[in-house]
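Listed below are the residues making up each chain.
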Amino acid sequence: MYHPIDKRIREALRAYILEKYGLESAVVTERPPRLEMGEVASPVCFDLAKRLKRAPRQIAQEIASSIGPIEGVARIEIAGAGYLNLFLERTQFLRQAMALAGGEAAAAADGAPKVIVEHTNINPNKAAHIGHLRNAALGDSFVRLLRYTGRRVEVQNYIDNTGVQVADVVVGFHHLEKKTPAEVQALSAAPRFDYLCWDLYARVTQFYEEDKSRTSLRADALKSIEENHGDLAKMATCVADAVVRRHLRTMERMQVGYDLLPRESEILRLKFWEKAFALLKERNAIQLVSTGKNAGCWVMRAADTGESEEDQNAAAKIIVRSNGTVTYVGKDIAYQLWKFGLLGLDFHYRRFDQTPDGRPIWATSAEESDPDAPAFGRGWEVFNVIDSRQAYLQGVVVAGLRALGYEDEARRSIHFSYEMVALSPRSAMAMGYVLSPEEEKRSYVEMSGRRGLGVKADDLLDRLETSCRAEVDARHPALPANERTGMAHAIAIGALRYFLLKYTRSAVITFDFAEALSFEGETGPYCQYAVVRARNIFRKLATQEAGYPSEKAGAIVDDAALGKMLAAPAGDDLWDLALLAGSLGATIAGAVQAQEPAVLAKYAFQLAQAFNLFYHKHRILSEEDLQKKALLLMLAQLVERQLVTALGLLGIESPEKM
RNA sequence: GCGCCCGUAGCUCAGUCGGAUAGAGCGUCUGCCUUCUAAGCAGAGGGUCGGGGGUUCGAAUCCCUCCGGGCGCGCCA
């Protein structure tokens with residue numbers, strides 16, 4: 001509700017200033033520091049003062065007294081050196097916020113421009129760790145935000161099933177474990193096959209370190225995987241598919257889902273690279289280097305730096321190696337072109353798996369396409385959720401689009417970057433990892449799949465669920481076991497997703513078990529608990545006063561009484577809560593604009609905190625003044641609906657009890 | 001060496017397209033459960049916003065510079 005009023009105020013000020021002074025101005029508004037100063041303020045007169053060469057306070061006075069009524073605004077005051085402070089119509093605001101709260105999100109039109117969000121992208125050779133969870137939580141929450149604001153979104157999880165990491169695990173099964181493809185197939189049915197691969201991958205790394213010449217085994221495996229023939233290729237398919245299914249199950253626990261799994265194997269087999277290569281050559285976006293250290297390679301030069309051609313070629317990014325094979329960036333350029341519908345080729349599709357509620361999860365295929373497959377790709381805008389360490393490579397991919405002349409697509413190709421999740425040395429050592437003396441002194445240590453150093457996602461989820469279950473059991477011993485399990489799961493996910501989302505993307509998360517396992521203070525369970533408290537009131541009201549029209553509390557109280565109860569100064573605390581609860585839309589708009597789910601996470605916490613204060617100060621059920629009681633109920637309902645919406649966008653469920 | 005990110009309370013972090021007295025959580029200390037569940041609430045204490053310069057009516061926020069830390073810069077992905 002705050003959002004539309006704020007917008008209306010900015011527009012009214014802009015129009016009035018244009019009319020009265022003949023000046024175009026970018027009117028900014030802000031929330032004043034204290035409620036006595038109103039709900040919306042604008043420092044626009046300071047800027048006008050400069051341009052009109054008059055005192056800001058005088059201009060503010062002039063505007064305040066002559067601008068005339070603005071819908072939703074009760075009055076305007078001037079303050080300080082020349083602020084315009086606006087006071088909202090409290091009753092109207094609350095009524096409108098109530099009418100909007102909990103409503104369905106705007107549905108995207110079928111023909112609306114499509115946004116493609118690529119996230120998760122875990123190498124299918126080992127179990128997911130908490131760094132992958134940050135990626136998935138960010139990507140998934142951003143998808144929810146986009147969909148809520150009416151965008152049409154397609155979620156892709158790219159699977160590098162033919163890369164060196166898979167090859168390494170295949171080397172492990174073949175050379176270390178001496179397994180046949182059939183034996184690997186049998187193993188892959190194990191409940192936590194991804195854990196087995198995690199350990200094997202670390203062992204293979206050591207196996208290479210003991211004798212460097214062994215890396216030729218990797219090259220051989222990679223070759224047979226890329227060419228898709230022989231036992232090693234069979235093993236690779238089996239390992240990658242099985243691990244991908246494990247990742248899907250892990251992400252389901254986190255309430256994260258996907259529409260499509262584009263796989264590198266199809267990029268190879270359907271000749272996406274050949275097509276992209278032809279385009280790049282045709283439009284002169286890449287150059288064949290004839291001299292210097294990159295002789296024989298096709299490279300993409302950075303923007304013209306004025307250096308000699310030879311220097312530019314040496315500093316350029318290699319796209320095709322001198323032996324004719326394509327690098328990862330090259331394949332990524334082909335994939336990015338396909339996402340925008342610019343490649344002139346399409347994948348085939350098959351059903352790969354399904355979500356718990358029965359929706360298909362599609363994967364690309366080189367075989368004939370399932371006729372029921374929807375139209376994938378052809379996006380208008382693309383977000384790639386990839387950690388900030390890959391910023392340079394993402395830049396090369398975008399430069400590729402630009403070099404091909406796709407300036408608009410390059411601009412709508414967004415690297416949604418975030419910092420890594422690292423371990424505190426304390427956490428790493430507590431898990432039994434041996435750190436070097438240098439590492440012990442650092443504030444954090446990077447996780448490493450090769451070293452097997454990291455907190456596995458399912459392990460953390462298990463620990464969280466166990467600890468939530470113990471608490472739930474203590475509080476609700478009488479409830480059926482399955483209900484307690486569900487409750488513990490919702491709270492565990494609430495704790496974890498909130499923990500991963502409360503940091504802004506640019507902050508490195510130093511993972512610490514004590515913090516991640518905390519349920520108090522600025523946490524998901526704190527926010528969920530506020531919802532539960534509100535629901536407890538409604539539930540008790542329904543049993544105590546069966547006839548009370550709690551869903552229509554707003555109809556019991558009339559506007560005059562509402563106005564009186566919300567009026568300053570006595571009504572300020574209630575109004576403050578209404579105002580915050582009514583600011584959900586503005587917060588969502590801000591989170592989408594900043595591409596920052598943490599903005600919404602902070603809001604959810606603030607609202608929960610404000611509600612807890614309200615809950616503590618007012619007894620709703622025992623309130624004797626019926627008009628007051630109705631108002632308190634309205635506020636509790638408003639907060640409950642807004643919190644459920646906010647948490648839902650963060651992928652956090654709101655349990656009935658906890 | 002070059003590029004990107006970070007430096008705000010004891011710790012972990014918000015606030016950074018300039019705005020009014022710099023916020024939160026955790027931790028510490030002191031209180032509050034016969035109440036709509038204390039996964040809660042109240043209070044206390046805690047700050048050269050890394051240093052220095054500049055722009056501005058106004059700077060944690062913009063510019064310059066220095067210091068500290070991280071990440072990246074491979075014919076790996």
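Residue numbers restart at each chain and count upward from 1, following the sequence in its written direction. Chain letters and ligand numbers both follow the written order, the letters beginning at A and the numbers at 1. At least 70 in pLDDT is required for a residue's local features to be given in this predicted model, at least 80 for side-chain atom pairs to be given and counted, and no such filter applies to totals for whole chains, interfaces and linings, which use all residues. The side-chain figures draw on all heavy atoms in the structure; neither hydrogens nor water molecules are used.

Student: Just to check I follow, could you spell out the protein's contact with RNA strand B for this structure?
Tutor: Here, proximity means that at least one heavy atom of the residue falls within 4 Å of the molecule or strand. In the vicinity of RNA strand B there are 60 residues, among which Arg-34, Tyr-83, Arg-475, Thr-504 and His-618 approach most closely. If you look at RNA strand B and keep only atoms within 4 Å of the protein, 62% of those are sugar or phosphate atoms. Within the side chain of Tyr-526, one N or O atom sits 2.4 Å away from a phosphate oxygen of RNA strand B. At 3.0 Å from a phosphate oxygen of RNA strand B is found a side-chain nitrogen or oxygen belonging to Gln-609. N or O atoms within 3.5 Å of each other form a polar contact, as long as, within protein, one can give a hydrogen and the other can take it, and as long as residues adjacent in sequence are counted only when both atoms are side-chain atoms.

Student: What am I meant to see in the layout of surface pockets here?
Tutor: The way it works is a 1 Å grid over only the protein atoms, where trapped points that fit a 1.4 Å probe form a cavity and open points with protein on both sides within 12 Å along at least five of seven lines form a pocket, and then any residue with an atom within 4 Å of a point lines it. Grid points are joined across faces, edges and corners, and a volume is the space filled by probe spheres set on the points. Its volume calculated, the second largest pocket comes out at about 700 Å³. Only DSSP runs of H or I with at least four residues qualify as helices, and only runs of E with at least two residues qualify as strands; both kinds are numbered from the N terminus onward. For the lining of the second largest pocket, the secondary structure elements donating two or more residues are helix H5 (130-148), strand E5 (152-156), helix H10 (231-253) and helix H28 (626-649). In this classification, Asp, Glu, Lys and Arg are treated as charged, Ala, Val, Leu, Ile, Met, Phe, Trp, Tyr, Cys and Pro as nonpolar, and every other residue, Gly included, as polar. Here the residues of the lining of the second largest pocket are counted per class, giving 14 nonpolar, seven polar and 10 charged. Note that the domain bounds were set by an automatic or database domain assignment. Inspection of the lining of the second largest pocket shows a minimum of three residues originating in each of domain 2 (119-270) and domain 4 (524-649).

Student: Hey, could you run me through the pattern of salt bridges in this one?
Tutor: Side chains that carry opposite charge are capable of pairing whenever their charged atoms lie near each other. We define a salt bridge as a side-chain nitrogen of Lys or Arg found within 4 Å of a carboxyl oxygen belonging to Asp or Glu. Under the definition given, this model contains 52 salt bridges. In this structure, Arg-14 and Glu-24 form a salt bridge, with 2.8 Å as the shortest nitrogen-oxygen distance. Within this pair, whereas Arg-14 is found in helix H1 (residues 2-21), its partner Glu-24 is found in the loop between H1 and strand E1 (40-42), the two being separated by 10 residues in sequence. Through salt bridges with shared partners, a single network forms among Arg-192, Asp-194, Arg-246, Arg-253, Asp-458, Asp-462 and Glu-465.

Student: Looking at this structure, I do not really get the sheet that holds strand E8 (residues 298-300). What am I missing?
Tutor: Backbone hydrogen bonds are what pair the strands of a sheet, in a parallel or an antiparallel way. We treat two strands as partners when DSSP finds at least two bridges between them. Read from one edge to the other, the open sheet built from three strands follows the order E7-E8-E9, with strand pairing classed as antiparallel. Of all the strands in the sheet, the pair left with one neighbour each is strand E7 (287-288) and strand E9 (317-320). Summarising the sheet, E7 and E8 pair through two bridges and their orientation is antiparallel. Residue pairing in the sheet places Leu-288 in a bridge with Trp-298 of E8.

Student: Any chance you could explain the domain arrangement of chain A here in plain terms?
Tutor: Reports of interface size often rely on the accessible area that becomes lost once the parts have come together. Per the domain assignment, the segments making up chain A are domain 1 (4-88), domain 2 (119-270), domain 3 (425-517) and domain 4 (524-649). Its C-alpha centre places domain 3 at a distance of 31 Å from the equivalent point of domain 4. Any two residues whose heavy atoms approach within 4.5 Å at even a single point are treated as in contact. At the interface, 10 residues of domain 3 touch 12 residues of domain 4. The quantity reported as buried area is the accessible area (1.4 Å probe) lost by two parts once they are put together, taken as the sum for both. Each partner contributes to the roughly 900 Å² buried at the junction of domain 3 and domain 4, and carbon and sulfur atoms together form 56% of this total. Contact with domain 4 buries surface across domain 3, with Tyr-498, Leu-501 and Arg-505 losing the most and accounting together for 56% of the total. When grouped by side-chain class, the residues that make up the side of domain 3 that touches domain 4 number six nonpolar, two polar and two charged.

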